[in-house]
Amino acid sequence: MGDELKIIMDLTMLQIMRKIMTIAAMCALSIPVVAQDTGEVQPGFRHTLGLNTTGLLNQFRDDNADDPLKTPYLITYSVELGKLAMRVGIGPEYSSETIVRDGFTDSEENTLLRMDGRIGAGLVVVNDHRWQAIAGLDAVTGYFRERKIEDSGFDRVTDQEEIETFGGGPFIQLAFQISKRISLSAESAVYWQHQKTTQTQLFENFPDFNNVINENSGSDLEITLPNTIFVRIHF
Amino acid sequence: MQRQLRSRSGNNIPKLQVILAVLSLGLLSCQKDTPGISLRTPELPAQLANYAAPEISPGFWVDQSRFKVTDAGATLGRVLFYDKILSKDNTISCGSCHLQEKAFSDPVQFSAGIDGQMLARHTPSITNVYDDQALFWDGRAKSINDLVLKPVRNHKEMGLDDMEFLVAKINKAPYYEPLFKQAYGDNAINKENIADALGQFLSCMITGQSRYDDISCGNSSFTESESRGSQVFFGEGRCYQCHGGLDFNQRGGFFVIDAFPFGGWEPAANIGLDMEYTDQGMGEFDERFEGVFKVPSLRNVAVTAPYMHDGRFSTLEEVINHYSENIADHPNLASELRDWNTGGPGRLNLSQEDRSALISFLGTLTDENFMHDDKYSDPFK
């Protein structure tokens, strides 16, 4: 009984300490940002790191929702020099799940990989102390793969779908400066994208019967609405 | 497009979003080792079960001339029926959707095939089909052997369209060689014998030992409510007009529609479920037969819910309500369901007591022995 109580107390202390450390870390991180607000901004390059908040917000959404918002370009880095702005963005996503069944099919593995990237250049068309607008052109590329593996002991069957995209188009970005170091931005774009989709089935013990179920390619225009908020830090 | 793909997968994948793409790729490289074959072996009785056609009662008989079954063939068919390697990804067997305890029907409205794909029609009960010449809801299979491989090949059901692949898989499962040898002799694993063995097992699914059969033989008697239900069924309800005969689906009796699209004399009918059918039934093959579906057997009907080709009615009460007052005046509506005087849809207007009595009567068609007989059970369990 005494030992159990001690363990419970230890766990409680651990939780309290973890919270204190989290708060301390947040304070430590926020001090330089706040402190730098009072400093002078040096002329020259202005570097910005943007974080797409949609992906983070989705973590708190109902996962059963049938329409999880896409999370392109999780991280965007941009650099401005005068009226010229350049940027790169990358958006990786990976998820994996293994279902072990008490039956004939021993397990089912589901993996999903998404990777998208962009590189762009633009002009700062509006720039006052609160608002900034940049218009420019992006080149975009993406890779998506969804894979399901049914492992029955008799065979390991893989169903895979891959999508490769590339393209580009104009964008416009609007940002609101909260402080000298922090801003929020949203953007809209019209991308022409070429897409190639490949669906394959692989049978590990029967490779003679591997096949490509479907393979097609095509192009379309994708309009991105400004429903994604980036939190940006300038340095 | 990507969004569509995610929702189509149907899997609720817990997301772990990582910051670094490199880490993602690293995780992906961790593949599982190549598996060997470690199959669950079917448990079969030391002595072959007896699959001979039963002699049940004077009111129910099996046409021996059309009952082509051997014990070894049916035993092999039983293993094939429950073996999931007959599906593309080894996840679905015939028995996954045709459950013995439900008279080989499925209690869900629409069964799920491979990859969780929902089927378009409700899974029907498969009993007493040894001599059936119009199988599936739309009667497109003309015999059991014509039927058995269609679900295997269907891309939504079992997805194994390549018959060479099917044969290769069965060749690789070690327990099949002696079973095929026993049933067909040497070198017997081929598509035709697979279909034949499955057909033999389906042929053996003879159900005719219900209380109704006992009563027909004079060994038992109806309760008061069942007796009243029997009067409704064979009397003012006119249910027997489509659901008469040995199998309560008029097979062996008269035909229901004037010209069956496949040239046979099997019972099928438009029962006025809708004014416009999204599923055309036999109308898929001939537009004159829009909304016409095979008349199902009523044997074991109390355990084969939901009902109709699309499983729209979840209880027998709902079915009876339909026939009693909700029949739609479709141009193809079976004449048996029309009012003699008005020509419109008939209205039985049964009392609540008569509806309950009819349900009681239908309950007497349940054959518990059939649904618990080991010779039909899953040998892999």
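Residues numbered from 1 in each chain as written. Chains lettered and ligands numbered in written order. Predicted model: local features only at pLDDT ≥ 70, side-chain atom pairs only at ≥ 80, totals over all residues.

A. How the structure looks around the overall build of chain B. Secondary structure summary: chain B contains 14 helices and 3 strands in total. Looking at the 381 residues of chain B, the share that counts as buried comes to 42%. Once local pairs closer than 6 in sequence are excluded, the contacts in chain B between residues at least 24 apart make up 66%. (Helix = DSSP H or I, 4+ residues; strand = E, 2+ residues; numbered from the N terminus. Buried ≥ 20, exposed ≤ 12 C-beta atoms within 10 Å, placed from the backbone. Contact = placed C-beta atoms within 7 Å.)

B. The overall build of chain A, seen in detail. Scanning chain A for helices and strands turns up 2 helices and 9 strands. In sequence order, chain A lays out its α and β elements as α-β-α-β-β-β-β-β-β-β-β. Restricting the contact set of chain A to residue pairs at least 6 apart, pairs at least 24 apart contribute 57%.

C. Spotlight on the pairing of strand S5 (residues 131-151) of chain A. Residue and element names in this part refer to chain A. In terms of strand pairing, strand S4 (residues 107-127) meets S5 through 20 bridges, oriented antiparallel. Looking across to S5, one finds that Glu108 is bridged to Glu150. Between the end of S4 and the start of S5, which pair antiparallel, lie 3 residues. Relative to strand S6 (residues 156-177), S5 is paired through 21 bridges, and the arrangement is antiparallel. Counted as the bridge partner of Arg145 is Glu162 from S6. Between S5 and S6, which pair antiparallel in sequence order, lie 4 residues; one of them, Gly153, sits at a positive phi of approximately 90°. (Pairing = 2+ DSSP bridges.)

D. Highlighting the nonpolar core. One finds Leu80, Leu198 and Leu202 of chain B to be the most contacted residues of the largest nonpolar core, which totals 77 residues. Not counting the four nearest positions on each side in its chain, Leu80 of chain B is found in contact with Leu86, Ile194, Ala197 and Leu198 of chain B. (Core = buried A, V, L, I, M, F, W, Y, C linked by C-beta atoms within 7 Å.)

E. Main features of helix H6 (residues 163-172) of chain B. Within H6 of chain B, the full set of buried residues consists of Leu166, Lys169 and Ile170 of chain B. Taken end-on, H6 of chain B shows its buried residues confined to a sector of 95°, consistent with a single buried face. (Arc of directions from axis to C-beta.)

F. Main features of unusual backbone geometry. Residue and element names in this part refer to chain B. For the bond from Ala305 to Pro306, the omega torsion is 0°, close enough to zero to count as cis. As for its position among the elements, Pro306 is in the loop between strand S3 (293-294) and helix H12 (316-325). With a phi angle near 60°, Asp115 is a residue other than glycine that sits in the positive phi range. Residue placement: Asp115 occurs in the loop between helix H4 (94-97) and helix H5 (144-153).

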